[in-house]
Amino acid sequence: MKQALFIDRDGTILVEPEDEQIDSFEKFQFVPGVIRNLNFIRTKLDFEFVMVSNQDGLGTDSYPEPDFWPTHNLMLNTLKSEGVEFDDILIDRSFPEDNLPTRKPGTGMLTKYLAGDYDLANSYVIGDRQTDKQLAVNLGCKYLILGDNVQSWDEITEILFAGERTASVRRTTKETDIDIRLNLDGTGQCDINTGLGFFDHMLEQIGKHGSIDLFIHVNGDLNVDEHHTIEDTGIALGECIGKALGDKRGIERYGYCLPMDDCLCSVALDFGGRAWLIWDAEFKREYVGDMPTEMFHHFFKSFSDVARMNLNIKAEGDNEHHKIEGIFKALARSIKMAVKRDIYKFQLPSSKGML
């Protein structure tokens, strides 16, 4: 079955001006990176390109066609000169108040794509508005919305070419019930509740500073103590990151330190498939917040073992809170560096040919 990219025009291919009308050459400007990335997608992947655009009142007395077509044709000709052609161009000319089924997010212009010849579940709507997201829902497609779940055309192309790096793990034992979901290419959105406030704060550092969307909900036997909750969260988080990395093709693999007030914390890691932990950090307090300091080492050991990563952690300083928070932040930055993916050099970062 065929797959399609349903691509919005203004705000997605062309920069949308404040008055929302690209009706002169002075207002004509491509969105950064769009030409290079559309060419990459067109030559490397097998999607049909379908432009789907609302153009308020196009062709009516209030917005005559001659004001629109010169810039539209310039866009098409420029793209064509770079090897980018659209298989279908669908433009709705109604006003919003007309409420016609052909107007996005309505699917009236897209009936042939709903007829059964297209794999809509693996097709995408690419746009910049909530109406584009709703169009995807109405079509049964996935969506990539600039300024929402993606931030650039580079990111769009990476996802289309190499896949989304999301994963989920549900781990249930007699001691804990853990639900973790993450997106390695997120924006740092976090929803974390382990029952331990300080532990939540530390895990949030991984999401925020690693640009990882992170959902962690834990129901553990805190009536016994904190051990099982912390250990099992490390196990489940390591498994989840390992799943999201997949075959690791194209990743940087390595991550390298940051200061935090009086402390210097370094975290070097390698997603090379061999688990190892070097821990060089001492804590004089029994607890930081509601988290026992003896469990810091245990968390990172569980995490590195299951993620099959080499983790080298060192911290020096006097303030115990700053020290452990610096470690978590340094871990986040190291993960962000190590999982960075280059689709133009999409190879395994290993001379062995496997990781």
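Anyway, here's the lowdown on the structure attached to this text. Note that this is a predicted model, so its numbers are computed, not measured.

**Considering the overall build of the protein chain**
Secondary structure assignment for the protein chain yields 8 helices and 16 strands. Within the protein chain, the proportion of its 355 residues that are buried is 51%. For the protein chain, the separation between the mean place of its 38 positive charges and that of its 60 negative charges on side chains is 7 Å.

**Observations concerning the packing of aromatic side chains**
Evaluation of the coordinates by the stated rule reveals 16 aromatic pairs. Seen from their ring centres, F6 and Y113 are 5.3 Å apart, and the 85° between their planes marks the pair as edge-to-face. With F6 in strand β1 (residues 3-7) and Y113 in the loop between β3 (88-92) and β4 (124-127), this pair connects stretches of sequence that are 107 residues apart. For the pair formed by F6 and Y113, the shared burial category is buried. One Lys or Arg, R181, reaches over the ring of F215 and ends 3.8 Å from the middle of that ring. Above the ring of F283, the side-chain terminus of K323 is found at 5.2 Å from the ring centroid.

**Focus: the packing of helix α7 (residues 294-307) against helix α8 (residues 320-339)**
Across the interface, α7 lies against α8 with an axial gap of 12 Å and an inter-helix angle of 15°. Relative to α8, the element α7 lies roughly parallel. Here α7 runs over α8; the crossing is right-handed. Packed against α7, whose contacting residues are F296, F299, F300 and F303, the element α8 presents I324, I327, F328, L331 and I335 at the interface. Looking at the contact of α7 with α8, its residues break down into 9 nonpolar, no polar and no charged.

**Some points on the layout of surface pockets**
Any empty space left between the atoms is revealed when a probe the size of a water molecule rolls over them. Roughly 470 Å³ of internal volume is contained in the largest pocket. Lining the largest pocket are 21 residues; nearest its centre among them are E155, E158, D185, K340 and R341. Per element, the largest residue contribution to the lining of the largest pocket is 3 residues, and it comes from helix α4 (residues 153-162). When its residues are assigned to classes, the lining of the largest pocket shows 4 nonpolar, 7 polar and 10 charged.

**Overview of the nonpolar core**
Soluble globular proteins tend to bury their nonpolar side chains together. Residues L237, F300, L311 and I327 are the most contacted members of the largest nonpolar core, which totals 55 residues. With sequence-adjacent residues up to four places away left out, F300 is seen in contact with L277, W279, L311, I313, I324, I327, F328 and L331. Core analysis: the next-biggest nonpolar cluster, separate from the first, contains 28 residues, F28, M51, M75 and F86 among them.

**Let's talk about the pairing of strand β6 (residues 166-172)**
Judged from the 7 bridges that link them, β6 and strand β7 (residues 176-183) form a sheet pairing that is antiparallel. Bridging from a neighbouring strand, S168 pairs with R181 of β7. Where β6 hands over to β7, the hairpin turn is made up of 3 residues, counted between the paired strands.

**Some thoughts on the side chain of E226**
Note that E226 resides in the loop between β9 (213-220) and α6 (227-245). With no salt bridge to any partner, buried E226 finds its closest opposite charge in R285, at an N-O distance of 12 Å. Contacts of E226, omitting those with residues within four sequence positions, involve L196, Y287, D290 and P292.

**Remarks on the sheet that holds strand β8 (residues 190-193)**
Sheet architecture is open: 4 strands sit in the order β6-β7-β9-β8, paired in mixed fashion. Among the strands making up the open sheet, the edge pair consists of β6 and β8. In this sheet, neighbouring strand axes are inclined to one another by 5° on average, regardless of whether the strands run parallel or antiparallel. This element, helix α5 (residues 197-210), spans β8 and β9 of the sheet and lies at about 160° to β8. Against the sheet, α6 makes contact with β6, β7 and β9, and its axis sits at roughly 35° relative to β7, the strand it touches most.

**Brief notes about the sheet that holds β4**
Pairing within the open sheet is parallel, and its 5 strands lie in the order β3-β2-β1-β4-β5. Looking at strand neighbours, the two that pair on one side only are β3 and β5 (142-145), the edges of this open sheet. Across this sheet, the average inter-strand angle for adjacent strands is 20°, counted without regard to direction. When β1 meets strand β2 (residues 47-54), the two strands line up parallel, connected through 5 bridges.

Cut-offs used in this document
- Think of each chain on its own: its residues are numbered from 1, step by step along the sequence as written.
- Whole-chain, interface and lining totals are the exception, using all residues; otherwise, since this is a predicted model, local features are given only for residues with pLDDT of at least 70 and side-chain atom pairs are given and counted only at 80 or more.
- Neither water nor hydrogens contribute to the side-chain values; these are computed over all heavy atoms in the structure.
- Only DSSP runs of H or I covering at least 4 residues are called helices, and only runs of E covering at least 2 are called strands; the numbering of each starts at the N terminus.
- Relative accessibility thresholds used throughout: buried, under 20% of the residue-type maximum; exposed, over 50%; partly exposed, between the two (1.4 Å probe, protein chains only).
- His residues and chain termini do not enter the charge count, which takes Lys and Arg as positive and Asp and Glu as negative.
- For this purpose, a charge sits on NZ of Lys, CZ of Arg, CG of Asp or CD of Glu.
- Classification of ring pairs uses Phe, Tyr and Trp, with its six-membered ring standing for Trp, and accepts pairs whose centres are within 6.5 Å; under 30 degrees between planes counts as stacked, over 60 as edge-to-face, and the remaining range as tilted.
- In this analysis the charged atom, NZ for Lys or CZ for Arg, is taken to sit over a ring once it is within 6 Å of the ring centre and within 35 degrees of the ring normal.
- Helix axes are fitted to C-alpha atoms over the stretch in contact, other axes to C-alpha atoms as well, and angles between N-to-C directions run from 0 to 180 degrees.
- Roughly parallel means an angle under 35 degrees; roughly antiparallel, over 145; roughly perpendicular, 65 to 115; everything else is oblique.
- Each crossing is labelled by how the near helix is turned from the far one, with a counterclockwise turn of less than a right angle marking it left-handed and a clockwise turn marking it right-handed.
- In what follows, residue pairs with any heavy atoms lying within 4.5 Å of each other are defined as contacts.
- Asp, Glu, Lys and Arg are counted as charged, while Ala, Val, Leu, Ile, Met, Phe, Trp, Tyr, Cys and Pro are counted as nonpolar; the rest, among them Gly, fall into the polar class.
- Buriedness of a pocket was judged along seven lines, with at least five required to meet protein on both sides within 12 Å; pockets are open sets of points on a 1 Å grid over the protein atoms alone, cavities are sets where a 1.4 Å probe fits but cannot get out, and lining residues have an atom within 4 Å of a point.
- Grid points are joined across faces, edges and corners, and a volume is the space filled by probe spheres set on the points.
- Only buried residues count toward a nonpolar core. Its members are Ala, Val, Leu, Ile, Met, Phe, Trp, Tyr and Cys residues joined through side-chain atoms within 4.5 Å.
- Strands were regarded as paired on the criterion that DSSP finds at least two bridges between them.
- Salt bridge, as used here, is a side-chain nitrogen of Lys or Arg placed within 4 Å of a carboxyl oxygen of Asp or Glu.

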